[in-house]
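Here is what each chain is made of, one letter per residue.
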Amino acid sequence: MAWVLKMDEVIESGLVHDFDASLSGIGQELGAGAYSMSDVLALPIFKQEDSSLPQENETKHPPFQYVMCAATSPAVKLYDETLTYLNQGQSYEIRMLDNRKAGDIPEINGKLVKSIIRVVFHDRRLQYTEHQQLEGWKWNRPGDRLLDLDIPMSVGVIDIKTNPSQLNAVEFLWDPTKCTSAFIQVHCISTEFTPRKHGGEKGVPFRIQVDTFKQTENGEYTDHLHSASCQIKVFKPKGADRKQKTDREKMEKRTAHEKEKYQPSYDTTVLTECSPWPDTPTTFVNNSPTPAPTFTSAQHNTYSVPDSNSSSPNHQGDGTSQGSGDQLHPSATIQETQQWLLKHRFSTYTRLFSNFSGADLLKLTREDLVQICGPADGIRLYNALKSRSVRPRLTIYVCQEPLRSIQLERQDAGNGDSNNGAIYVYHAIYLEEMAASEVTRKLALAFNIPLHQINQVYRQGPTGIHILVSDQMVQNFQDESCFLFTMIKAENGEGFHIILK
């Protein structure tokens with residue numbers, strides 16, 4: 001009788017007990033006594049079966065393994081990637097394990113390796129616009145980082161570095177032969193990158209990715225060794241615990257047949273091998289004391305950057321109306337197009353349009369730009385390309401009052417004859433914001449007055465009193481009002497006061 005059974009099939013099928021009993025019965029019939037399970041393991045037929053297994057079936061052995069101490073979700077289909085829920089701001093341990101066999105990568109024996117941990121987007125669509133997405137997050141959360149390393153809790157990590165322009169990544173050195181644990185904190189939540197639809201939100205998944213490098217001959221850690229990642233979703237504090245509990249309760253209500261379609265929940269999350277994250281490590285933190293931004297360092301070294309007035313989302317450059325100098329021409333070269341993007345506050349897209357000439361950029365439709373840059377920046381870029389100036393909310397006309405001697409000359413001319421004496425030339429001031437600061441800024445631009453030298457703006461009232469121009473006063477200006485203004489030196493000798501008449 002030939003018994004050809006694989007032990008793994010026997011054990012996994014739960015037939016170990018019945019199989020052992022059957023062998024015992026056969027042994028009694030043959031008068032050879034009863035066989036226990038240990039005897040079965042010693043039978044030559046099982047040894048022969050084990051020795052016949054092909055060696056090429058062995059999987060590739062990764063040099064490192066990263067294990068995050070957070071439970072996986074039970075509501076994941078059997079052959080899908082694991083999903084792990086994290087709480088915002090909570091510290092989670094990632095164990096950095098040396099998984100090499102004897103003789104593997106001997107050149108790192110006794111040396112340190114560098115790992116970069118990132119939180120990145122899982123969806124391919126968001127990966128294409130990652131920098132723009134992160135810049136928007138940075139605008140809404142000034143001073144915050146998407147990813148931090150909990151240094152007091154971490155073990156075995158040294159030379160920890162973060163880059164102000166890379167809010168979603170940290171890097172450090174570690175010794176593979178020693179116990180190493182990096183505790184990470186994710187501060188962004190999945191719903192921050194999801195548009196609201198029908199009153200509900202579904203958070204986007206992220207990835208935790210670890211890229212590890214060894215040192216080259218010139219001392220830089222640029223030689224890639226290993227990368228691994230896992231899929232996560234981040235919830236507000238305690239939200240991950242509630243979501244895990246909800247998934248577990250849903251699974252308990254399913255039938256045994258339905259449960260077979262889902263993978264079990266594991267106490268830890270093993271990061272699976274993947275391709276290295278692009279733009280690493282040369283564009284990340286280097287050994288220089290002032291690391292350069294990842295995407296815009298080259299452009300910042302070449303082109304002029306708009307001043308602080310242009311950083312506000314409510315202003316276009318210096319607030320001047322767009323003239324022919326601000327318009328992008330089809331004949332513009334790639335370099336001139338990059339300069340135009342920087343001047344009009346599209347620096348986050350310079351890398352995306354790095355090979356575009358003026359003609360290439362102008363050929364894009366409104367729909368193209370919205371799809372590439374998102375609704376907000378896409379519409380803004382389209383309007384800038386078409387030189388669409390902002391329609392002013394209020395227009396006033398302002399003239400600087402002539403010198404006193406000229407005024408007297410006009411009076412002597414008699415009856416206000418405009419052919420003699422001074423000519424009053426007015427400037428049109430277009431206000432996009434009904435604010436006193438906007439009036440001050442536009443006056444400075446129109447009459448070439450240094451903005452920092454204007455202390456206050458007053459309006460001359462009844463009996464010659466001076467009334468401070470406030471936002472409420474500006475909001476009550478009549479459209480197309482006319483004003484004369486004079487400049488009076490401040491009492492302390494520093495700067496001027498402007499008086500509107």
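For clarity, every value in this text was computed on a predicted model and none was experimentally measured. (Residues numbered from 1 in each chain as written. Predicted model: local features only at pLDDT ≥ 70, side-chain atom pairs only at ≥ 80, totals over all residues. Heavy atoms only, no water.)

Draft legend 1. View of the overall build of the protein. Of regular secondary structure, the protein possesses 16 helices and 18 strands. Contacts in the protein between residues at least 24 apart in sequence constitute 68% of all its contacts with a sequence separation of at least 6. (Helix = DSSP H or I, 4+ residues; strand = E, 2+ residues; numbered from the N terminus. Contact = heavy atoms within 4.5 Å.)

Draft legend 2. The arrangement of the side chain of serine 73 in detail. The topology assignment puts serine 73 in the loop between strand E1 (64-68) and strand E2 (83-87). Under the relative-accessibility criterion, serine 73 is labelled buried at 1%. A polar contact is formed between the side chain of serine 73 and the side chain of aspartate 247, at a distance of 3.0 Å. Contacts of serine 73, omitting those with residues within four sequence positions, involve Leu83, Tyr85, Gln244, Asp247 and Ser265. (Buried < 20%, exposed > 50% of the residue type's maximum accessible area, 1.4 Å probe, protein only. Polar contact = N/O pair within 3.5 Å; in protein donor to acceptor, adjacent residues only side chain to side chain.)

Draft legend 3. Highlighting the sheet that holds strand E13 (residues 394-400). Taken in spatial order, the six strands make up an open sheet running E14-E13-E17-E18-E15-E16, and their pairing is mixed. Each having just a single partner strand, strand E14 (427-431) and strand E16 (466-468) make up the two edges of the open sheet. Ignoring which end each strand starts from, the neighbouring axes of this sheet average 40° apart. Sheet topology places E13 next to E14; five bridges connect them, and they run antiparallel. Note that in E14 the partner of tyrosine 397 across the bridge is alanine 428. Strands in contact with helix H15 (residues 436-446) are E13, E14, strand E15 (454-460) and strand E18 (496-500); relative to E14, the strand with the most contacts, it is inclined by about 145°. (Pairing = 2+ DSSP bridges. Axes fitted to C-alpha atoms, helices over the stretch in contact; angles between N-to-C directions.)

Draft legend 4. Seen up close, the sheet that holds strand E5 (residues 147-149). Spatially, E5-E8-E3-E1-E11 is the arrangement adopted by the five strands of the open sheet, whose pairing is antiparallel. Each of the sheet's edge strands pairs with one partner strand only, and the pair in question is E5 and strand E11 (269-270). Taken together, the two bridges between E1 and E11 define a ladder with antiparallel strand orientation. Directly across from methionine 68, in E11, lies its bridge partner threonine 269.

Draft legend 5. Focus on the packing of aromatic side chains. Here the structure, examined in full by the defined rule, presents seven aromatic pairs. Centroid distance phenylalanine 121 to phenylalanine 206: 5.9 Å. Interplanar angle 50°. Geometry classified as tilted. Of this pair, phenylalanine 121 sits in strand E4 (residues 113-121) while phenylalanine 206 sits in strand E9 (residues 206-214); the two residues are 85 residues apart in sequence, bridging distant segments of the chain. When its relative accessible area of 2% is taken as the criterion, phenylalanine 206 is described as buried. Ring centres of phenylalanine 477 and phenylalanine 483 lie 5.2 Å apart, and the angle between their planes is 45°; this geometry places the pair in the tilted category. (Phe/Tyr/Trp six-rings, centres within 6.5 Å; stacked < 30°, edge-to-face > 60°.)

Draft legend 6. Spotlight on the nonpolar core. Core analysis: the biggest nonpolar cluster contains 41 residues, and Met68, Ile117, Ile184, Val186, Phe206 and Ile208 have the highest contact counts within it. Ranked by residues supplied to this core, first place goes to strand E10 (residues 223-235) with five residues. Each residue touching phenylalanine 206, except ones within four places of it in the same chain, is listed here: Val119, Val120, Phe121, His122, Cys188, Ile189, Ser190, Phe193, Cys230, Gln231, Ile232 and Val234. Counting residues in each nonpolar core, the second largest holds 22 residues, with Ala436, Phe483, Ile498 and Leu500 among its members. (Core = buried A, V, L, I, M, F, W, Y, C linked by side-chain atoms within 4.5 Å.)

Draft legend 7. Highlighting unusual backbone geometry. The phi torsion at aspartate 159 lies on the positive side, around 50°, for a residue other than glycine. Relative to the elements of secondary structure, aspartate 159 occurs in strand E6 (residues 157-163). The class of aspartate 159 is partly exposed, set by a relative accessible area of 44%. Positive phi outside glycine occurs at asparagine 448, with the angle close to 55°. In this structure, asparagine 448 sits in the loop between H15 and E15.

Draft legend 8. Focus on the pairing of E6. Two elements, E6 and strand E7 (residues 166-174), share four bridges in a ladder whose sense is antiparallel. Opposite lysine 161, over in E7, you have glutamate 171 as the bridge partner. The antiparallel hairpin formed by E6 and E7 contains two residues in its connecting segment.

Draft legend 9. Inspection of the pattern of salt bridges at higher detail. For the structure shown, the criterion picks out 14 salt bridges. Arginine 95 is the partner of glutamate 93 in a salt bridge, and the nearest nitrogen-oxygen pair spans 3.4 Å. We classify arginine 95 as partly exposed; its relative accessible area is 38%. The partner of arginine 380 in a salt bridge is aspartate 377, with the nearest N and O atoms 3.5 Å apart. Of this pair, arginine 380 and aspartate 377 both sit in helix H13 (residues 375-385), three residues apart, which is roughly one turn of the helix. The class of arginine 380 is buried, set by a relative accessible area of 18%. What you see here is one network of salt bridges that share partners, running through Glu107, Lys214 and Asp223. (Salt bridge = Lys/Arg side-chain N within 4 Å of Asp/Glu carboxyl O.)

Draft legend 10. Just the environment of histidine 226, in detail. With respect to the helices and strands, the residue histidine 226 is situated in strand E10. Along the sequence, histidine 226 and phenylalanine 64 sit 162 residues apart, while their C-alpha atoms lie 7.0 Å from each other. In terms of polar contacts, histidine 226 uses its side chain to reach the side chain of tyrosine 66, at 3.0 Å.

Draft legend 11. Geometry of the confidence of the model for the protein. Scored by pLDDT, the protein has a mean of 74; 72% of the residues are at 70 or more. For the stretch residues 1-57, pLDDT sits under 50, and the model shows 34 contacts to residues farther than four places along the chain or on other chains. (pLDDT = per-residue confidence, 0-100.)

Draft legend 12. Structural detail: the pairing of E2. Across the five residues of E2, five count as buried, placing the element largely inside the fold. Here E2 shows two buried faces, one formed by Leu83, Tyr85 and Asn87 and the other by Thr84 and Leu86.

Draft legend 13. Molecular detail of the packing of helix H12 (residues 366-373) against H13. Axis separation between H12 and H13 bottoms out at 7 Å; the angle between their running directions is 140°. Between H12 and H13, the angle falls in the class oblique. For the element pair H12 and H13, the recorded crossing hand is right-handed. Within the contact between the two elements, H12 uses Arg366, Leu369, Val370 and Cys373 and H13 uses Pro375, Asp377, Gly378, Ile379, Leu381, Tyr382 and Leu385. Classifying every residue of the contact of H12 with H13 gives eight nonpolar, one polar and two charged. (Parallel < 35°, antiparallel > 145°, perpendicular 65-115°, else oblique. Left-handed = near helix turned anticlockwise from the far one by under 90°. Nonpolar A, V, L, I, M, F, W, Y, C, P; charged D, E, K, R; others polar.)

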